Structures are given as structure tokens and as C-alpha cells.
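# Residue-level structure breakdown
What follows is each chain in one-letter form.
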There are 2 protein chains.
Amino acid sequence: MYSNELVRGTLKTIILQLLGEQNQMYGYELSKLVKERTQEKIVLTEGALYPILHKLEKDKLVVTNLEKVGNRTRKYYALTSNGKTSAKEKKNELLEFMETLKMLMEPKPIMLCNY
Amino acid sequence: MYSNELVRGTLKTIILQLLGEQNQMYGYELSKLVKERTQEKIVLTEGALYPILHKLEKDKLVVTNLEKVGNRTRKYYALTSNGKTSAKEKKNELLEFMETLKMLMEPKPIMLCNY
DNA sequence: TTTTTATACCTAATTTGCTTATACATAAGA
DNA sequence: TCTTATGTATAAGCAAATTAGGTATAAAAA
């Protein structure tokens, strides 16, 4: 389990990215998927998850539809057109940020053995 | 410039790592180095920098010594033994976290073309 | 059959790590 | 002379998370 400070700030990007992979997903499914793929090294708690999803909906980056499974209701989330754009932008920003961090922490000389 | 949420949580690790590279550094020097190495894509503002440095000192991960340059005083920070250990741990955590993020966002199948 | 675990959603109070803004002071350059 | 660079410091405020609680159904274990 990574420290909270580290994970904080990446959750919205993660959610947008995962929603971009599938047609639609529901909250519980998202949290399970993150847990599984990261071997519980990243955990999307409900307290973080649902407020983010609601914010995304409010910002029109996702749309929802309710589906009944037996007697329980699932709330599926799907990216809008804006959401897809935002997902790509956020992902790129994160990947670039990681590159920048590596550059900062492990600076390599530009020229190697140039003599 | 990356969004604040993204940078948040990585600053302490960055500072510890940079202090590990040199014998000692002072605050202003740290902020300049980060700006320069990242082409201003990551900026260590004073409001973030100094509280972190003070916390590190309080936690005995760094020790300070004042040096006079002309009429101005520089406060140099150097890692303690614990600080060196912590720096390595934090760096590893960050690197692992980045790997986990990539795995999460771009999951590759384990076996490729195995037929 | 009762209890626990898994599924499924939600929110309020609090914490935290930053930003923003401000302060003080010296040195150098325009 | 005014601005920019150097150098340290802190206080108020914010936003994204944590922590901790709530509601409810379904399945599995005791």
C-alpha cells in the first residue's frame, strides 16, 4: 500500500482512464478493478470514489444510467465526448509528469562517452 | 506546469532525493534546481518548501548549519543517517508507484503470441 | 438459523499538504 | 532609483483525500 499523499491526485485520472477502457462501469466495479490490477497497492475507497464520480457527472465528463440486478441497483458511468478528451489529456499529463520526475530524480547526462 | 494535485505528495520525496545527491543544499538552491531540471514544469514554492524542510529537521531526517555569504545567511540542510535511509525508501516507493500506475492504466497481457 | 462476508450506494466531519499572500532583508542590475 | 534576484519564514485558506458512519440486498459460512 502506497502512502496516501502519493495516490492522492492520481485517482481522478485513474477513474477516467478505466472508464475509457470499457463502455460503462459502476462504482463498485471500479474499486474492485483497481484493487485487483494493483494487488491492493492502490485502493479506491468509497469516500474518495463516489465524490469523484459525482463531480465528473456534474462536470459532464460522464453520464449515468441505473440498472437493476435482482433487487439491487447499479449506477453505471460512461464517458461523454468531453470525458474522453479529458481522459486522454489527464493520462498524458500523468505520463509526462512521471517522465519529468524520473528526469528530476535520476538526471542523465545528455551526451555519453562523446570523446 | 503540472496540476497541483499531481505534484502534491511528491515534494518531500523530491527534496530528500536532491539532498541525497549533494552533501548539503539550502532552500533557495533546492527550488532553483527543481525549476531548472524540470524546465519549470515542477515548481517548489517557498510556501511548500520551507515547511517541508522544517518538518524534516523536526523528524531528524536532516540537520542544518548556517553559513554567512556576505551579509546574508544561508541555511544548509544535510541528510542524517535516518534521512539517507528515508530518502532511498521514498524514492523506491515513488518509482514502484509509477510502475504500478502504468500497469493499472496500460495493462499488458502476460503472454504474447503464445500460439 | 444466525452471523458474517460480499455486493452496492452514499455522505458528513475531519485531516492534510499544499497555494496564496505577505513579511523582512541584502545584493545586484537596469 | 526602481526593479529583479537572492534568501528565509509564516499565516490564512482551499480542495482532495481519509475516516467513519449510514442504508440495503444477497450469498456463504458458522
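Structure's up top.
### A short note on unusual backbone geometry
All names here are of chain B. The phi dihedral of Gln39 is positive, around 50°, even though this residue is not glycine. Mapped onto the fold, Gln39 is located in the loop between α3 (27-37) and α4 (46-58). A positive phi angle is found at Glu40, which is not glycine, with a value near 65°. Along the chain, Glu40 falls in the loop between α3 and α4. Taking the relative accessible area as the measure of exposure, Glu40 reaches 48% and is therefore partly exposed.

### Considerations on the environment of Gly27 of chain B
Its place among the elements puts Gly27 of chain B in helix α3. Placed 19 residues apart in sequence, Gly27 of chain B and Glu46 of chain B show a C-alpha to C-alpha distance of 8.3 Å.

### A short note on the protein's contact with DNA strand C
Close to DNA strand C lie 25 residues; Tyr26 and Tyr28 of chain A together with Arg8, Gly9 and Arg72 of chain B are nearest. For DNA strand C, the backbone portion of the atoms within 4 Å of the protein, that is sugar and phosphate, comes to 65%. Separating a phosphate oxygen of DNA strand C from a side-chain N or O atom of Tyr26 of chain A is a distance of 2.7 Å. One of the side-chain nitrogen or oxygen atoms of Arg74 of chain A is found 2.8 Å away from a phosphate oxygen of DNA strand C. Contributions of two or more residues to the surface near DNA strand C are made by α3 (27-37), α4 (46-58) and β3 (72-79) of chain A together with α4 of chain B. When grouped by side-chain class, the residues that make up the surface near DNA strand C number eight nonpolar, nine polar and eight charged.

### A word on the nonpolar core
Within the largest apolar cluster, 60 residues are counted, with the highest numbers of intra-cluster contacts made by Ile15 of chain A together with Ile15 of chain B. In this view, Ile15 of chain A contacts Leu30, Leu44, Leu49, Ile52, Leu53 and Leu56 of chain A; residues no more than four positions away in its chain are not counted.

### Describing the protein's contact with DNA strand D
In the vicinity of DNA strand D, 25 residues are found, and the nearest of them are Arg8, Gly9 and Arg72 of chain A together with Tyr28 and Arg74 of chain B. Of what DNA strand D places within 4 Å of the protein, 67% of the atoms are sugar or phosphate. In this structure, a phosphate oxygen belonging to DNA strand D sits 3.4 Å away from a main-chain N or O atom of Gly27 of chain B. Here a phosphate oxygen of DNA strand D and a backbone polar atom of Lys75 of chain B are 2.8 Å apart. Residue assignment for the surface near DNA strand D shows that the elements contributing at least two residues are α4 of chain A together with α3, α4 and β3 (72-79) of chain B. Of the residues belonging to the surface near DNA strand D, the class tally is eight nonpolar, nine polar and eight charged.

### A short note on the packing of helix α2 (residues 11-21) of chain B against α4 of chain B
All names here are of chain B. Two elements in contact, α2 and α4, have axes whose closest approach is 10 Å; the angle formed by their N-to-C orientations is 65°. The angle between α2 and α4 falls in the class roughly perpendicular. Regarding α2 and α4, the two cross each other, and that crossing is right-handed. The residues of α4 that touch α2, namely those facing Leu11, Lys12, Ile15 and Leu16, are Ala48, Leu49, Ile52, Leu53, Lys55 and Leu56. Of the residues in the contact of α2 with α4, the class split is eight nonpolar, no polar and two charged.

### Focus: the interface of chain B and chain A
At the junction of the two partners, chain B supplies 36 residues and chain A supplies 36 residues. Overall, the association of chain B and chain A removes approximately 3,600 Å² of surface from exposure, summing both partners, and the carbon and sulfur fraction of that is 69%. Three residues, Leu6, Leu104 and Met105 of chain B, lead the burial of chain B against chain A; their summed loss comes to 21% of the area buried on that side. Across the chain B-chain A interface, the total number found is six salt bridges. Residue Glu99 of chain A pairs with Lys102 of chain B through a salt bridge whose shortest N-O separation is 4.0 Å. For the side of chain B that touches chain A, the secondary-structure elements that each account for two or more residues are α1 (4-7), α2, α3 and α5 (81-105) of chain B. Broken down by class, the residue content of the side of chain B that touches chain A amounts to 16 nonpolar, eight polar and twelve charged.

### Some points on the environment of Ile42 of chain B
By the secondary structure assignment, Ile42 of chain B is in the loop between α3 and α4. Using a relative accessible area of 0% as the deciding quantity, one classes Ile42 of chain B as buried. As a C-alpha pair, Ile42 of chain B and Asn4 of chain B span 38 residues in sequence and 9.3 Å in three-dimensional space. Those residues in contact with Ile42 of chain B, other than ones at most four positions away along the chain, are Phe97, Thr100, Leu101 and Leu104 of chain A together with Tyr2, Val7, Val34 and Lys35 of chain B.

Thresholds applied
- The residue numbers shown here count from 1 along each chain, following its written sequence.
- Just so you know, chain letters begin at A and ligand numbers begin at 1, following the order they were written in.
- Thresholds applied to this predicted model are a pLDDT of at least 70 for local features of residues and 80 or more for the giving and counting of side-chain atom pairs; totals over whole chains, interfaces and linings are not thresholded and use all residues.
- Note that the side-chain values use all heavy atoms of the structure and ignore hydrogens as well as water.
- Helix and strand definitions follow DSSP, with helices as H or I runs of at least four residues and strands as E runs of at least two, each counted in order from the N terminus.
- Using a 1.4 Å probe on the protein chains alone, a residue whose accessible area is under 20% of its type maximum counts as buried, one over 50% counts as exposed, and one in between counts as partly exposed.
- Only heavy atoms are used to decide nearness, and a residue is near a molecule or strand if one of them lies within 4 Å of it.
- The term polar contact refers here to a pair of N or O atoms within 3.5 Å; inside protein, the definition further demands a hydrogen-donor-capable atom paired with an acceptor-capable atom, and it admits residues adjacent in sequence only when both atoms are side-chain atoms.
- Classification convention: Asp, Glu, Lys, Arg as charged; Ala, Val, Leu, Ile, Met, Phe, Trp, Tyr, Cys, Pro as nonpolar; all other residues, Gly among them, as polar.
- In these notes, a set of buried Ala, Val, Leu, Ile, Met, Phe, Trp, Tyr and Cys residues joined through side-chain atoms within 4.5 Å is what counts as a nonpolar core.
- The contact criterion used is simple: two residues touch if any of their non-hydrogen atoms lie within 4.5 Å.
- Angles run from 0 to 180 degrees between N-to-C directions of axes, and those axes are lines fitted to C-alpha atoms, restricted for helices to the stretch in contact.
- Here the word oblique covers every angle except those under 35 degrees (roughly parallel), over 145 (roughly antiparallel) and from 65 to 115 (roughly perpendicular).
- Each crossing is labelled by how the near helix is turned from the far one, with a counterclockwise turn of less than a right angle marking it left-handed and a clockwise turn marking it right-handed.
- Accessible surface is computed with a 1.4 Å probe, and the buried area is the amount of it that two parts give up when combined, taken over both parts together.
- Salt bridge, as used here: a side-chain nitrogen of Lys or Arg that lies within 4 Å of a carboxyl oxygen of Asp or Glu.

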